[in-house]
Amino acid sequence: MAAEAKHFKYVILGGGVAAGYAAREFGNQGVKPGELAIISKEPVAPYERPALSKGYLFPQNAARLPGFHTCVGSGGDRLLPEWYADKGIQLILSTEIVKADLASKTLTSAAGATFTYDTLLIATGSSVIKLTDFGVQGAESNNILYLRDIADADKLVAAMQAKKDGKAVVVGGGYIGLELSAALKINNFDVTMVYPEPWCMPRLFTAGIAHFYEGYYANKGIKIVKGTVASGFDADANGDVTAVKLKDGRVLEADIVIVGVGGRPLTGLFKGQVDEEKGGLKTDAFFETSVAGVYAIGDVAAFPMKLYNEQRRVEHVDHARKSAEQAVRAIKAKESGESVPEYDYLPYFYSRSFDVAWQFYGDNVGDDVLFGDNDPASAKPKFGSYWVKDGKVVGVFLEGGSAEENQAIARVARAQPPVADVEALKKAGLEFAAKV
Ligand code: FAD
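Residues numbered from 1 in each chain as written. Predicted model: local features only at pLDDT ≥ 70, side-chain atom pairs only at ≥ 80, totals over all residues. Heavy atoms only, no water.

(A) Looking closely at the overall build of the protein. Along the protein, the regular secondary structure elements total nine helices and 26 strands. Its C-alpha radius of gyration of 23 Å places the protein within 12% of the 22 Å reference for a compact globule of 436 residues. The burial tally for the protein puts 54% of its 436 residues in the buried class. Taking contacts inside the protein between residues at least 6 apart in sequence as the whole, the part at least 24 apart equals 62%. On the protein, roughly 19000 Å² of surface is accessible, and the fraction owed to carbon and sulfur atoms is 50%. Within the protein, the 54 negative side-chain charges are centred at a point lying 1 Å from the centre of the 48 positive side-chain charges. (Helix = DSSP H or I, 4+ residues; strand = E, 2+ residues; numbered from the N terminus. Rg over C-alpha atoms; globule rule 2.2 N^0.38 Å. Buried < 20%, exposed > 50% of the residue type's maximum accessible area, 1.4 Å probe, protein only. Contact = heavy atoms within 4.5 Å. Areas by Shrake-Rupley, 256 points an atom, 1.4 Å probe, with all protein chains shown as cover. Lys, Arg positive; Asp, Glu negative; His and termini not counted. Charge placed at Lys NZ, Arg CZ, Asp CG, Glu CD.)

(B) The environment of Met 201, seen in detail. Relative to the elements of secondary structure, Met 201 occurs in the loop between β10 (190-195) and α5 (207-219). According to the relative accessible area criterion, Met 201 is buried, its value standing at 7%. When the C-alpha positions of Met 201 and Leu 178 are compared, they lie 8.6 Å apart, and in sequence the two are 23 residues distant. Met 201 has contacts with Gly 173, Gly 174, Tyr 175, Leu 178, Phe 349 and Trp 358, leaving out every residue within four places of it along the chain.

(C) Here's a closer look at the pairing of strand β5 (residues 106-109). Because side chains alternate across β5, one face comprises the buried residues Thr 106 and Thr 108, and the other comprises Leu 107 and Ser 109, equally buried. Linkage of strand β4 (residues 97-101) to β5, two consecutive antiparallel strands, is achieved through a turn of four residues, within which Lys 105 is found at a positive phi near 55°. Of the pairings in the sheet, the one linking β5 to strand β6 (residues 114-122) comprises three bridges and is antiparallel in character. Bridge pairing in β6 links Leu 107 to Phe 115. Counted along the chain from β5 to the antiparallel partner β6, the turn is four residues long, and its residue Gly 112 has a positive phi close to 95°. (Pairing = 2+ DSSP bridges.)

(D) Representation of helix α4 (residues 175-186) in the model. Taking 1.5 Å of rise per residue, 12 residues should cover 16 Å, and α4 covers 16 Å from first to last C-alpha, within 8% of that figure. Those residues of α4 that are buried lie in contact with α3 (150-162), β9 (167-171), β10, α5, β15 (256-259) and β22 (348-353). Residue Asn 188 follows α4 closely and has a positive phi angle near 70°. (Expected span 1.5 Å × (residues − 1).)

(E) Expanded view of the layout of surface pockets. If you add up the space inside the second largest pocket, you get close to 400 Å³. Around the second largest pocket sit 25 residues that line it, and Pro 50, Ala 51, Lys 54, Gly 55 and Arg 352 are the ones nearest its centre. Looking at the lining of the second largest pocket, the elements that each hand over two or more residues are α4, α6 (317-335) and β22. In the lining of the second largest pocket, the residues fall into 15 nonpolar, four polar and six charged. When residues of the lining of the second largest pocket are assigned to domains, at least three map to each of domain 1 (6-126 + 264-335) and domain 2 (131-261). (1 Å grid on protein atoms, 1.4 Å probe; cavity = no way out; pocket = protein on both sides within 12 Å on 5 of 7 lines; lining within 4 Å. Points joined across faces, edges and corners; volume = space filled by probe spheres on them. Nonpolar A, V, L, I, M, F, W, Y, C, P; charged D, E, K, R; others polar. Domains from an automatic or database assignment.)

(F) Structural detail: the domain arrangement of the protein. When the domains of the protein are assigned, the result is domain 1 (6-126 + 264-335), domain 2 (131-261) and domain 3 (355-434). Relative to domain 2, the C-alpha centre of domain 1 lies at a distance of 30 Å. The interface is formed by 16 residues belonging to domain 1 together with 16 residues belonging to domain 2. Surface buried jointly by domain 1 and domain 2 totals about 1400 Å² across both partners, of which 60% is contributed by carbon and sulfur atoms. The three residues of domain 1 that bury the most area against domain 2 are Ser 53, Tyr 56 and Leu 57, which together make up 36% of that side's buried surface. Linking domain 1 with domain 2 are three salt bridges, by the criterion used here. One salt bridge connects Arg 148 with Asp 299, and the closest N-O pair in it is separated by 3.3 Å. Residues belonging to the side of domain 1 that touches domain 2 are distributed by class as follows: eight nonpolar, two polar and six charged. (Buried area = accessible area lost by both parts, 1.4 Å probe. Salt bridge = Lys/Arg side-chain N within 4 Å of Asp/Glu carboxyl O.)

(G) Broad picture of the sheet that holds strand β21 (residues 310-313). One open sheet accounts for four strands, arranged β17-β18-β20-β21; its pairing is mixed. Of all the strands in the sheet, the pair left with one neighbour each is β17 (276-277) and β21. Where strand β18 (residues 280-282) lies against strand β20 (residues 301-305), two bridges are found, and the strand directions are parallel. Bridged to Lys 282 within β20 is Ala 302.

Pasting the structure below:
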């Protein structure tokens, strides 16, 4: 006879960033023992995922759990497994949900266990796009690695130890590619990056911004091959990758290959059951989907971005945290017949590698206006870019900003001040932001 379903008032499906911040907010708002469960296919309590491509890969004093459980990433306390136990929040780990029936409010795990709920928060995040998905020749060879979770990070650490001082090829020029190239270099690998676009991070960086990072990386000894893609891989008799074959005919020797070519929101369990948009689960300003009592937070949510008056999906950690808090506040308010203000999100994204660190706020649309010193050889580089649309500043990027300066650019992106003279804006640079 099948075991009886376990019932919870609230279930969070997924155990990543959004799950951890949602649990903390449930704790703040008041949750009774036994009311809340987190179901995650990962074997550990929620953690700050960005650490995996940064501190986790340091050659010395590397970050390890329990050091970076949520919610340390935003300056809060670490929620250790004991915290969940104290609150009576069940962590149901190493449990993959393979079926979700929203009509009967039932989730089924790969092992056949069933869970029912009154309110569901979908926080399944994203999965990485793999070269094997496209049948790239040799892509299944050993040491061709991806990075999404701690198990992937452990594989990378093991490969770095096994192939010490070897050659690494990083496929993809996004922030994951940039951060991982830096990590491999710091670990004494001979690193080559490969990407098809004319410059790195093309979805955000302008040519002027990328000029700095590509030069900075070259000065660190990282080789960059642009305008081509990996079309196949060679392996030795053990199946270990030995070379990356490029579409333009070149061949790069490799002991480790890391692929960072993007992700896909994990929404498949809900196909046909909830409205979708922008590749995600469509929600209102409280993160409730088209099915009452079912919420979507973090990477999977396509929510109304009030500031730009359109539905958007955001795959960044700041939104994962804030959407989780908003959803839980809205759920609790609804229960007591109250309401919370609509989500009014200002997009915020950051990355850091080596000694450089940048922040971006707002929208990178319209004309870009580069300011400051973007010479890769500068001892103290500080530069940025404004984006101006319809005579207003709508987005700001800043490398090397202080906490105060970063707050100033956030204010600008939120206030969208008018700009009459673009040349004057370029000249004023950061001073413009300081005055807003
Ligand atoms: P996740 O944190 O991915 O959590 C999803 C969880 O759901 C996982 O635990 C997963 O195992 C679980 N899950 C999925 N499907 C199932 C299922 N069927 N059954 C059970 N469990 C399931 N953003 C930034 O802004 N700055 C950065 O510097 C930055 N660095 C990053 C570095 C790396 C290596 C990665 C991978 C991401 C980085 N991000 C960064 C992005 C940021 O981490 C994500 O946007 C954020 O983690 C999204 O939170 P989430 O809770 O929606 O998803």
